[in-house]
Amino acid sequence: MTALKEFDSEIYNLIEKEKERQMNGLELIPSENFVSLAVLEANGSILTNKYSEGYSGKRYYGGCQIIDGVEDLAIDRAKKLFGAEHVNVQPLSGAPANIGAYFAILEPGDTVLGMDLSHGGHLTHGHPITYISKIFNFQRYKTDLETGLIDFDNVRKMAKEFKPKLILCGYSAYSRDLDYKQFKEIADEIDAYTMADIAHIAGLIAAGKMNNPVKEFDIVTTTTHKTLRGPRGGMIMCKEELAKKIDKSIFPGLQGGPHENLIAGKAVAFKEALQPEFKTYAEQIMKNAKTLEKEFIEAGFKLCFNGTENHLILMDVTSKGLSGKEAEKVLDAANITLNKNMIPDDPRSPMDPSGVRFGTPSLTTRGMKEKEMKKVAQWMIALLENPKDEKLIESTKKEIKELCNDFIFYK
Ligand SMILES: Cc1ncc(COP(=O)(O)O)c(C=O)c1O
């Protein structure tokens, strides 16, 4: 980054500091990952200069003949990766992908049945604080507090009662796999559309390690920057018969010019995910999460949804006398980064909830395996059980730095 260093040392220095932070600590936020240098290069390329409103072969700007090739490649690779009939790679992120999908098939006032936020749903699934909750009527189902599974009897009951035009599944903080067939059966009974938001688990699905809704569901949305390990961005996959509606909804309905540098980054990430090594990577993400699960259960922590079948764990920390905010703070002080999170039916507030959410994609990208995960869990357990022990915080921070030095991802 020589030009940047020379022209704008303030931004250059902040980027270097952030790189140090990312490399010297343990990144456990389950929605984050470290992209490859190839993806970074595509993101930072001259494709950022080009306007290309419209779609391949039908653009509103001249000079798009090369850009068309970039977008076509991204689409072809995504189709291959997920087995999709139609793909739109233009959504700028996960939120616009979801909003674009709603407007493609719904009219204002229509009802959507989605998961309650405290049980793992995302803000864009109709949280009352969002604009879309003022446009569509969102009803919320929950998980069964005993089994940690989706209560399909209740989903069916709610579907019959509220007659939603869309049944939505796929979550931000849910740690179990999903039975998409059951959602589809219920949707067929009331003639509703089906949509899955696989933002968190897209990489695990692409690698064939989790159930794939793409064949059965009408619409599948995702981000590209979580387990899929691509640039920040979104994507929509759908059945061919919805292709025109989805494309029109994203452009001109919701967005302007697509970010072609990021679409190139998506294409590169999809190529990486098509390699056999990506399957091993996804498998290791899940093995690492299982190792954390075992350590925390043995230490007497309460894991929501009875543990994990993917890359993340949602953990209730109140039984250890801490709030989620306090847990986040003490771990942060030792350079362990995760986020406070609501647990199902949380009696506490979103700014100081009962739980923390953490996951393994970033550490797995750095090459860490079960042996390192055991250490990570032991550090976290000791800190959570002794949150006021300043000496422990300092010594853990040092030990973490030593471990991190053996797993430097960005030199
Ligand atoms: C399930 C789910 N959908 C959508 C989004 C929104 O993605 P973005 O932050 O890229 O807009 C997220 C983000 O965390 C998510 O977890």
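The following refers to the structure shown. (Residues numbered from 1 in each chain as written. Predicted model: local features only at pLDDT ≥ 70, side-chain atom pairs only at ≥ 80, totals over all residues. Heavy atoms only, no water.)

Here the focus is the overall build of the protein chain. Assigned secondary structure in the protein chain consists of 16 helices and 15 strands. For 411 residues, the compact-globule estimate of 2.2 N^0.38 gives 22 Å, and the C-alpha radius of gyration of the protein chain, at 22 Å, lies within 12% of that figure. On the principal axes, the C-alpha backbone points of the protein chain span a range of 60 × 60 × 40 Å. Looking at the protein chain alone, contacts between residues at least 24 apart form 73% of all its contacts between residues at least 6 apart. (Helix = DSSP H or I, 4+ residues; strand = E, 2+ residues; numbered from the N terminus. Rg over C-alpha atoms; globule rule 2.2 N^0.38 Å. Contact = heavy atoms within 4.5 Å.)

Scanning all chains against the criterion turns up 19 salt bridges. A salt bridge links Asp-110 to Lys-165; its shortest N-O distance comes to 3.2 Å. With Asp-110 in the loop between α5 (94–105) and β5 (111–115) and Lys-165 in the loop between α7 (152–162) and β7 (166–169), the pair connects residues that are 55 residues apart, well separated along the chain. You can call Lys-165 partly exposed: its relative accessible area is 30%. A salt bridge links Lys-142 to Asp-345; the nearest nitrogen and oxygen atoms lie 2.9 Å apart. Within this pair, whereas Lys-142 is found in the loop between β6 (137–141) and α7, its partner Asp-345 is found in the loop between β14 (339–341) and β15 (355–359), the two being separated by 203 residues in sequence. On the basis of relative accessible area, Lys-142 is assigned to the partly exposed category, the value being 32%. We classify Asp-345 as partly exposed; its relative accessible area is 37%. (Salt bridge = Lys/Arg side-chain N within 4 Å of Asp/Glu carboxyl O. Buried < 20%, exposed > 50% of the residue type's maximum accessible area, 1.4 Å probe, protein only.)

By the element assignment, Thr-308 lies in the loop between β11 (302–303) and β12 (312–316). For the pair Thr-308 and Lys-397, spaced 89 residues apart in the sequence, the C-alpha separation amounts to 27 Å. With residues up to four places along the chain from it excluded, the contact list for Thr-308 reads Ser-175, Ala-289, Lys-290, Glu-293 and Ile-313. A distance of 2.7 Å separates the side chain of Thr-308 from the backbone oxygen of Leu-312, its partner in a polar contact. (Polar contact = N/O pair within 3.5 Å; in protein donor to acceptor, adjacent residues only side chain to side chain.)

This paragraph deals with the sheet that holds β15. A sheet is described by the order of its strands in space; here 4 strands give the open sequence β11-β12-β15-β14, paired in antiparallel fashion. For this open sheet the edge positions go to β11 and β14, each flanked by a neighbour on one side alone. Of the strand pairs in this sheet, β14 and β15 are connected by 3 bridges, and their pairing is antiparallel. When the bridges of β15 are listed, Lys-340 appears paired with Val-356. Those strands touched by helix α12 (residues 276–298) are β11, β12 and β15, and its axis lies near 20° from that of β12. (Pairing = 2+ DSSP bridges. Axes fitted to C-alpha atoms, helices over the stretch in contact; angles between N-to-C directions.)

Glancing now at the environment of Gly-170. Relative to the elements of secondary structure, Gly-170 occurs in the loop between β7 and α8 (180–190). With 25 residues separating them along the chain, Gly-170 and Met-195 place their C-alpha atoms 8.3 Å apart. Residues contacting Gly-170, with those up to four places away along its chain left out, are His-125, Leu-178 and Asp-197.

Judged by nonpolar contacts, the single largest core of 61 residues is most densely connected at Phe-82, Tyr-141, Ile-150, Phe-183 and Ile-198. Considering each element in turn, this core owes the most residues, 7 residues, to helix α4 (residues 65–82). Each of domain 1 (12–30 + 278–405) and domain 2 (39–273) gives at least three residues to this core. If you look at the next biggest cluster of nonpolar residues, it comprises 33 residues, including Met-315, Val-317, Ala-327 and Cys-404. (Core = buried A, V, L, I, M, F, W, Y, C linked by side-chain atoms within 4.5 Å. Domains from an automatic or database assignment.)

The next thing to look at is the packing of α7 against α8. Relative to each other, α7 and α8 sit at 20°, their axes nearing to 10 Å. The angle between the axes of α7 and α8 places the two elements in the roughly parallel class. Once α7 is placed against α8, the crossing between them reads as right-handed. Contact with α7, carried on its side by Phe-152, Val-155, Arg-156, Ala-159 and Lys-160, involves Gln-182, Phe-183, Glu-185, Ile-186, Glu-189 and Ile-190 of α8 and no other residues of that element. Taken together, the residues that form the contact of α7 with α8 break down as 6 nonpolar, 1 polar and 4 charged. (Parallel < 35°, antiparallel > 145°, perpendicular 65-115°, else oblique. Left-handed = near helix turned anticlockwise from the far one by under 90°. Nonpolar A, V, L, I, M, F, W, Y, C, P; charged D, E, K, R; others polar.)

At a minimum axis distance of 8 Å, the contact between α5 and helix α10 (residues 243–254) shows a crossing angle of 115°. Seen along the crossing, α5 lies across α10 with a hand that is right-handed. On α10, the residues touching Pro-96, Ile-99, Gly-100, Ala-101, Phe-103 and Ala-104 of α5 are Lys-245, Ile-246, Ser-249, Ile-250 and Leu-254. A per-class count over the contact of α5 with α10 returns 8 nonpolar, 2 polar and 1 charged.

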